[in-house]
Amino acid sequence: MRRYACTVCSYGYDPALGDPENGIPRGTAFEDLPEDWRCPWCGAKKSEFVPEE
């Protein structure tokens, strides 16, 4: 699964880690995150993320 980076603050969403503090379990692909999910660091929308190279 691919990692995604926030274009606002550079937070990296790693599917292997998920976002447990916000109810997203390990193994959750970025594409499977709810549309209202926000960056845990800056609050940016999911649409503000881009795939990491």
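Draft legend 1. Structural detail: the nonpolar core. Listed in full, the 11 residues of the largest apolar core are Y4, C6, Y11, Y13, I24, F30, L33, W37, C39, A44 and F49. With sequence-adjacent residues up to four places away left out, C39 is seen in contact with C6, C9, Y11, A44 and F49.

Draft legend 2. Main features of the sheet that holds strand β1 (residues 4–6). Read across the sheet, three strands follow the order β2-β1-β3 without closing on themselves; strand pairing throughout is antiparallel. Single-partner strands in this sheet number two, and they are β2 (12–13) and β3 (49–51). In the sheet, β1 pairs with β3 via three bridges, with the strands oriented antiparallel. The partner of Y4 across the bridge, within β3, is P51.

What counts, and where the lines are drawn
Residues numbered from 1 in each chain as written. Predicted model: local features only at pLDDT ≥ 70, side-chain atom pairs only at ≥ 80, totals over all residues. Heavy atoms only, no water. Core = buried A, V, L, I, M, F, W, Y, C linked by side-chain atoms within 4.5 Å. Buried < 20%, exposed > 50% of the residue type's maximum accessible area, 1.4 Å probe, protein only. Contact = heavy atoms within 4.5 Å. Pairing = 2+ DSSP bridges. Helix = DSSP H or I, 4+ residues; strand = E, 2+ residues; numbered from the N terminus.

Everything listed is a geometric property; what it means functionally is a separate question.
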